[in-house]
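Fold and contact review
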Amino acid sequence: MINDSNYGVKGTSSWPGCLTPPLAGGAEGGRSRPLLSFLPLLFLLVCILSGVGQASNSTYEHLKDGKTALDNKDYNGAIKQLSLFLDTPALLTDYALLWRAKGYVGAGQLEKALKDILSLKETYPNSPLYTDTLLMEIGTQRQLNPERAMSLSELYLKKHPDDNRIRFSYANMLMEDGREGEAQTQFRVICLSAGYASEESCENLNVGAFDVDSLVTRARNLMKRHHYPEAERLLRRALDKSTGSLRGQILADIAMSLFMQKSYQEAAELFRRLGNNYYEARSLYRSGQFDRFNAKVDTLDANKDEKAAELVLIKGLYYRRLGNTARALKIFGSLKDNRFIKEDALWHIAWTHYLMGNSDAAYEGFKSLYSNYGSQRYLYWMARTLECRNQERPGADKKDDTTALYEKLTAEGDYYSILAYHKLGRQPAIIESMGIKHTVSVNGNHVAGKEHEELRRLAILLELNIEDAIKTESLYIIRNSARYDNDVTLEASIMLNEAHMYRHSVLLAGKLPYSRKVHRLLYPYAYREIVDEASQRNSINPLLILSLTREESRFQDDAFSPAGAIGLMQLMPSTAAKYSGRVGERIVNNKDIFNVRKNILIGSYYLTQLVDDSGCVPMALASYNAGESIVEKWLKDGKYRAIDEFIEDIPYDETRNYVKRILKTYFQYTRAANPDNAAINFALNCSLTR
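Attention here is on the structure that accompanies the text. What you see is a predicted model; the values in this text were computed from it and never measured.

With that settled, consider the packing of aromatic side chains. On inspection of all chains with the given rule, the structure shows 31 aromatic pairs. Ring centres of Tyr579 and Tyr605 lie 5.7 Å apart, and the angle between their planes is 55 degrees; this geometry places the pair in the tilted category. Linking Tyr579 in helix H31 (residues 573–580) with Tyr605 in helix H33 (residues 596–614), this pair joins segments that are 26 residues apart in sequence. For the pair Tyr579 and Tyr605, a shared accessibility class is recorded, and that class is buried. In this structure an aromatic cluster arises from ring pairing among Trp347, Trp351, Tyr354, Phe366, Tyr378, Tyr380, Trp381, Tyr406, Tyr415 and Tyr416. Across the ring face of Phe210, the terminal group of Arg188 is positioned such that the distance to the ring centre comes to 4.5 Å. Taking NZ or CZ as reference, Arg641 lies 4.9 Å from the ring centre of Tyr354, over its face.

As structure tokens, then:
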């Protein structure tokens, strides 16, 4: 349970009534360890060790000690310990063979290394270590039999041409052999792919001498990975070299890269030259050139083209936000039978009536939408419209109707459920913690068969706390989860959760049918000690920290966005630098921002400042995503009566969905950790008058 003192409820107030407003425009160093702290997994390991041949605890200690020696470059010590491990039949022999091979290479005993590598490949063809093993074999053969190393690489690349790890190794071997031309051919393939080792490969080439096709290929692959500035630079170089029809294709790519970089004015001009009406209009709208936008849209036929219909709808939104609701409704009305965008048009008609205070028209619109499309969104706004109408007409008491609609909304567990619970003044029932019952056993009636071998392997690695191997094994299970039944997937998720590998645990839990146990895996109390520290220091609900972190990065501590946001809470370097001193965490370079403790403490402090400044969690979340100044403008232009209206009317789709997604996640966290109404009140009690 979380104490009320953690929620940081500051000056909250209930939502205002539905008066018709004037309408205008819109752990230090990484994961919390050690892994040895969880008893259920220890019990599981005892079961495993008691049933795997002659294996014992000391056998696996040899594996652990061997890996430790290898990491410390004590190659003879590694060989000794790993040989002791391999003397006894046990799981994880593939890891031991690979690590001993590395020890042999370090000790200069290449023939013995190669023997272990070949044994691993033959005995464990489906090992998660296969690519690492092949790279090891190629490197070892390179010293013993260079021709064999070359043929291995070539054979593999014929079957797996997209594997840049092997191709990069192959290219370097060609360079060492003085076959520079062939090496450059391989480096070129990697460079153009813009994937693994592409930057290093490009450094071996004269990129400036690339032909037009090559420049465009690399640029387009960079754009797929959201590296737009570099893509634009290459495209402009290609444009200087190009002639004829290619110029139009290159200009189209440049225009899109500018659009994605938010250089809308320049993008609009390029799209105009190219005759791309859709993106020209979108660029004009985003650059604030509304007269030109409207003129462009007037030339399009919404009945013949889906994109044209979308632009006409945007035009209606423009006039609605401007305060010209009559013109907006006329535009929306012209689309109410449009085959491309009918539902959206009907929504905006009902929503405009709601904002204008036309309760009867709004209610009928939302009711029709719910009847035809069944969305929770429409049901919620039916209830809100009834609530407003009841307040406007106190003699016509329909309170029971409103309550029934809110009750119906609570069943789904989505964004609108948290709004409904808040309107009802209730906290959802707590999802009680369930004891962990492991499915893997080697005794009694539940003998672990071949299909459970991955779980047994993972359990041992977790207990031994060999982190790089844990990551390899868990990623293998995630990639192959379709092969396992739900019990195996659930077991693996539980084990990873207990080991504080939250990202991998959440990924696996997301593949399972929903249950109470799965709920707690989907919404883990990750990095508890650090989150609690941040919560107490900043007087903010820890569940909000967790919710934002989950949606920003899915607990991937090395996450890095195309925009340059870093780590668990996706901090921009400028934000981290600005607030690091205030929380007493020194940031020397971007690498420091990836540190779990620093990232959470700084991100939580920044989030707290946004909550304190706005007095409202949803507004703070919108500011975290879109920026404080733009959110202030939205509030000023919209003159919203209540926070649910503000959220529903956020002009940026990305920001609106972001706020809803975090509030939904926050709601799910309260179902597992919150004993009363404090958490929901903290998230939704807002005063929009400042």
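That was the structure; now back to the text.
Here we come to the pattern of salt bridges. Side-chain pairs of opposite charge can arise whenever the charged atoms involved come near each other. Throughout the structure, instances matching the rule amount to 38 salt bridges. Between Arg377 and Glu648 there is a salt bridge, with the nearest N and O atoms lying 3.0 Å from each other. Here the residue Arg377 occupies a position in helix H21 (residues 376–392), and Glu648 occupies one in helix H36 (residues 643–648), the gap between them amounting to 271 residues. Overall, the relative accessible area of 19% leaves Arg377 in the buried class. Beyond isolated ion pairs, a larger network of salt bridges with shared partners links Arg384, Glu387, Lys423 and Asp644.

Let us now look at helix H19 (residues 342–356). End to end, H19 covers 21 Å across 15 residues, agreeing with the expected 21 Å (1.5 Å per residue, within 8%). For H19, every residue scored as buried is listed here: Ala345, Trp347, His348, Ile349, Ala350, Trp351, Thr352, His353, Tyr354 and Leu355. In this structure, the buried residues of H19 make contact with helix H17 (306–322), helix H18 (325–334), helix H20 (359–373), H21 and H36. The positive-phi residue at the C-terminal boundary of H19 is Gly357, with phi of around 85 degrees.

Reading guide: rules and limits
Residues numbered from 1 in each chain as written. Predicted model: local features only at pLDDT ≥ 70, side-chain atom pairs only at ≥ 80, totals over all residues. Heavy atoms only, no water. Phe/Tyr/Trp six-rings, centres within 6.5 Å; stacked < 30°, edge-to-face > 60°. Helix = DSSP H or I, 4+ residues; strand = E, 2+ residues; numbered from the N terminus. Buried < 20%, exposed > 50% of the residue type's maximum accessible area, 1.4 Å probe, protein only. Lys NZ or Arg CZ within 6 Å of the ring centre and 35° of its normal. Salt bridge = Lys/Arg side-chain N within 4 Å of Asp/Glu carboxyl O. Expected span 1.5 Å × (residues − 1). Contact = heavy atoms within 4.5 Å.

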